[in-house]
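# Structural overview
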Amino acid sequence: MDPSSAGAGGNSLPSVGPDGQKRRVCYFYDSEVGNYYYGQGHPMKPHRIRMTHSLLAQYGLLDQMQVLRPNPARDRDLCRFHADDYISFLRSVTPETQQDQIRALKRFNVGEDCPVFDGLYSLCQTYAGASVGGAVKLNHGLDIAINWSGGLHHAKKCEASGFCYVNDIVLAILELLKHHQRVLYVDIDIHHGDGVEEAFYTTDRVMTVSFHKFGDYFPGTGDVRDIGHSKGKYYSLNVPLDDGIDDESYQSLFKPIMAKVMEVFQPGAVVLQCGADSLSGDRLGCFNLSIRGHAECVKYMRSFSVPLLLLGGGGYTIRNVARCWCYETGVALGQELEDKMPVNEYYEYFGPDYTLHVAPSNMENKNTRYELDNIRTKLLDNLSKLRHAPSVQFQERPPDTEFPEPDEDEEDQDERHDDHDSDMELDYHTPLEDSARRSTIQGTRVKRESAGAETKDQQDGSRVTGEHRGSEPMAEDISPSKQAHVDANAMAVDEPGNVKTESGSSTKLPDPPAIYQKP
């Protein structure tokens, strides 16, 4: 496909922007999320979510969305994907007790990159509940749902990875599959979306597309040759990129590839992980995208008029993360925001220019036109081998996720659901021939920055909460206009089969199964 016609797929549908079709948008936010603190010097700072929210308020965007406080996910909700012993560990471990659980810390990869901190499990419950709540909202007719605290794409079935503990994306996709035959996952974080790809590697009901830095870079996976396996063959697309890619080069791949994906796969819903570490100037990144270039991906996927779940992800220069996600919220609403930033709670972070946009740098773009053309040709060829829009055998649809009122007298709040309806076929024992080299790259297992002096950005989230919040009965509507409340946080995903965990306990997995195995 000629790059000049890259926009044809989306632009043939309703346009975006102020003159485009309005979308019904909901936005999930918990005011406590900015209090969580990974620790001194750690680049992941949940405080960026509070900064983003402050900008949204000052730009007047909260008045244009339904604003919901997420209901925390319960143990059994998280165990729709994750192993029950892993979730039990996350619930119980604390900074004070971790030294008594050295073996478990090593087993579940919790430690340096993924530290134990006050409120760890509560944070996991919050961001996972928000993502699944967004999926429920889309299943009930909303056009776009936003959860900037989500998008933690590295978490595995029984292992933390890359600052991620619980994979809210997989849980949200499983919820969407209750209403949609096919769900598309798109990842524009600079790191490969390995956890989501692995979870859906053997199914044709979920297509995963990841645009990422490849080669001696965390997590070391995402080769263009990793294409899926068995029924999922050609349903995993990887776009490996090199340092310094700019807006024009990025879109020369993104638009033609996504246009073909939408044509061939015809998803009923799209999940877009908007990791902001692919922006120019990110502390852990090496790309050179502008905020407008990054947001062009959101604008393009919005243009297809398919239910869209927007999630956060990486992003470690937090003033730019807040800028980016604020601007992309405007894109979701069809609003072009003024570059001059309104005064806000964190105004001093955005000096000396106090503008929404930041110019990209003059770093070298190591992605040659020849290499980009080869990648585009290869991926479009893979897509041409797919049969259009795979069908799903008729079966009874699982019930929508619901959060009941908390029962204070219930002794076992972590009792598992015992339902057996499946929204997918299972293939637990299929070998991963096409991705056998995924774990062979050594030295890329750690996602951290180079040693250096702690900056202001490293200190942004120093306010800590030492309390774990209890369950809330509903997703609370906290929008300024107090729109009608809708129960947005239901998470009952049917559990088709039992699989033994490493400890010998039995855990129920949804289809498609998690296929990650420790090396």
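Cut-offs applied
Residues numbered from 1 in each chain as written. Predicted model: local features only at pLDDT ≥ 70, side-chain atom pairs only at ≥ 80, totals over all residues. Heavy atoms only, no water. Helix = DSSP H or I, 4+ residues; strand = E, 2+ residues; numbered from the N terminus. Buried < 20%, exposed > 50% of the residue type's maximum accessible area, 1.4 Å probe, protein only. Contact = heavy atoms within 4.5 Å. Areas by Shrake-Rupley, 256 points an atom, 1.4 Å probe, with all protein chains shown as cover. Phe/Tyr/Trp six-rings, centres within 6.5 Å; stacked < 30°, edge-to-face > 60°. Pairing = 2+ DSSP bridges. Core = buried A, V, L, I, M, F, W, Y, C linked by side-chain atoms within 4.5 Å. Salt bridge = Lys/Arg side-chain N within 4 Å of Asp/Glu carboxyl O. Axes fitted to C-alpha atoms, helices over the stretch in contact; angles between N-to-C directions. Parallel < 35°, antiparallel > 145°, perpendicular 65-115°, else oblique. Nonpolar A, V, L, I, M, F, W, Y, C, P; charged D, E, K, R; others polar. Polar contact = N/O pair within 3.5 Å; in protein donor to acceptor, adjacent residues only side chain to side chain. Left-handed = near helix turned anticlockwise from the far one by under 90°. Right-handed = clockwise from strand over helix to strand, strands pointing away.

## Points about the overall build of the protein
- Helix and strand counts for the protein come out as twelve helices and eleven strands.
- When the 519 residues of the protein are sorted by exposure, 62% land in the buried category.
- In the protein, once contacts between residues fewer than 6 apart in sequence are set aside, the share between residues at least 24 apart is 83%.
- Summing over all exposed atoms, the protein offers an accessible surface of approximately 19,600 Å²; the carbon and sulfur share of this is 47%.

## Some thoughts on the packing of aromatic side chains
- According to the stated counting rule, one finds 16 aromatic pairs in the structure shown.
- Relative to Y316, the ring of F163 lies with its centre 5.6 Å away and its plane at 85 degrees, an arrangement referred to as edge-to-face. Here Y316 lies in the loop between β8 (308-311) and α11 (318-333) and F163 lies in the loop between β3 (144-147) and α7 (168-176), a separation of 153 residues in the sequence.
- By relative accessible area, F163 is classed as buried at 0%.
- With relative accessibility at 0%, the residue Y316 sits in the buried group.

## Digging into the pairing of strand β4 (residues 183-187)
- Counted residue by residue, β4 has five buried out of five residues, so it is predominantly covered.
- Here β4 shows no split at all, with V183, Y185 and D187 on one side and L184 and V186 on the other all buried.
- Note that β4 and strand β5 (residues 206-213) share five bridges and pair parallel. Its bridge partner lying in β5, Y185 is registered against T208.
- Bridge count between β4 and strand β7 (residues 269-273): five bridges; the pairing is parallel. Residue pairing for β7: D187 is matched across the bridge by Q273.

## Let's talk about the nonpolar core
- One finds Y165, L184, F211, M258 and M301 to be the most contacted residues of the largest nonpolar core, which totals 145 residues.
- Ignoring any residue separated from it by four or fewer positions in sequence, one finds L184 in contact with M207, V209, M258, V261, M262, F265, P267, A269, V270, V271 and M301.

## Some details on the pattern of salt bridges
- Scanning the model with the defined rule gives 14 salt bridges in all.
- Across the pair K156 and D194 runs a salt bridge, and its minimum N-O distance is 2.9 Å. Pair noted here: K156 is in the loop between β3 and α7 and D194 is in helix α8 (residues 194-199), with a separation of 38 residues, a long-range link. Both residues of the pair, K156 and D194, count as buried.
- Between E336 and R292 there is a salt bridge, with its nearest N and O atoms 3.9 Å apart. In this pair, E336 sits in the loop between α11 and α12 (369-384) while R292 sits in helix α10 (residues 291-302), placing the two residues 44 residues apart along the sequence.
- Where salt bridges share partners, they join K213, D242 and D243 into one cluster.

## Some details on the packing of helix α9 (residues 247-265) against α12
- Two numbers describe how α9 lies on α12: the axes approach to 10 Å, and their chain directions differ by 5 degrees. On the basis of their axis angle, the class for α9 and α12 is roughly parallel. Along its contact with α9, which presents E248, S249, S252, L253, P256, I257, K260, V261 and V264, the element α12 presents R369, L372, I375, R376, L379, L380 and L383.
- Classifying every residue of the contact of α9 with α12 by side-chain character gives ten nonpolar, two polar and four charged.

## A short note on the side chain of K156
- In this structure K156 comes out as buried when scored by relative accessible area, which is 2%.
- A distance of 2.9 Å separates a polar side-chain atom of K156 from the backbone oxygen of H154.

## What about the packing of helix α2 (residues 47-58) against α11?
- Contact geometry for α2 and α11: axes closest at 8 Å, N-to-C directions at 45 degrees. As summarised for this structure, α2 and α11 are arranged oblique, according to the angle between their axes. Considering the relative orientation of α2 and α11, their crossing is right-handed. Residues H47, R48, I49, M51, T52, L55 and L56 of α2 touch α11, and the partners they reach there are I318, R319, V321, A322, R323, W325, C326 and T329.
- The residue makeup of the contact of α2 with α11, split by class, is nine nonpolar, three polar and three charged.

## Side note on α7
- Along α7, nine of the nine residues are buried, which leaves the element largely enclosed by surrounding structure.
- Within α7, the full set of buried residues consists of D168, I169, V170, L171, A172, I173, L174, E175 and L176.

## Points about the sheet that holds β7
- Pairing in this open sheet of nine strands is mixed, and the strands run β6-β5-β4-β7-β8-β3-β1-β2-β9 from one edge to the other. Here the strands that pair on one side only, and so sit at the sheet edges, are β6 (236-241) and β9 (476-477).
- The pairing of β7 with β8 spans four bridges and is classified as parallel. In the sheet register, Q273 faces β8, and the bridge partner there is L311.
- Sitting on the sheet, helix α6 (residues 120-139) touches β1 (25-28), β2 (66-69), β3 and β8, and the angle it makes with β3 is about 175 degrees.
- Strand contacts of α7: β4, β5, β7 and β8, with the helix running at about 170 degrees to β7, the strand carrying the most contacts.

## Remarks on the side chain of S149
- By secondary structure assignment, the location of S149 is in the loop between β3 and α7.
- A distance of 2.6 Å separates polar atoms of two side chains, one belonging to S149 and the other to N147.
- For S149, the residues in contact, after removing those within four places along its chain, are V33, I49 and Y127.

## Details of the environment of R107
- Counting through the fold element by element, R107 comes out in helix α5 (residues 102-107).
- On a C-alpha basis, the gap between R107 and Y86 in space is 9.4 Å, while along the polypeptide they are 21 residues apart.

## Re the pairing of β2
- Of the pairings in the sheet, the one linking β1 to β2 comprises three bridges and is parallel in character. For C26, the partnering residue across the bridge sits in β2 and is Q66.
- For the crossover that starts at β1, traverses α2 and ends in the parallel β2, the hand is right-handed.
- Sheet analysis places β2 next to β9, joined by two bridges and oriented antiparallel. From the neighbouring strand, R69 faces β9, where its bridge partner is E476.

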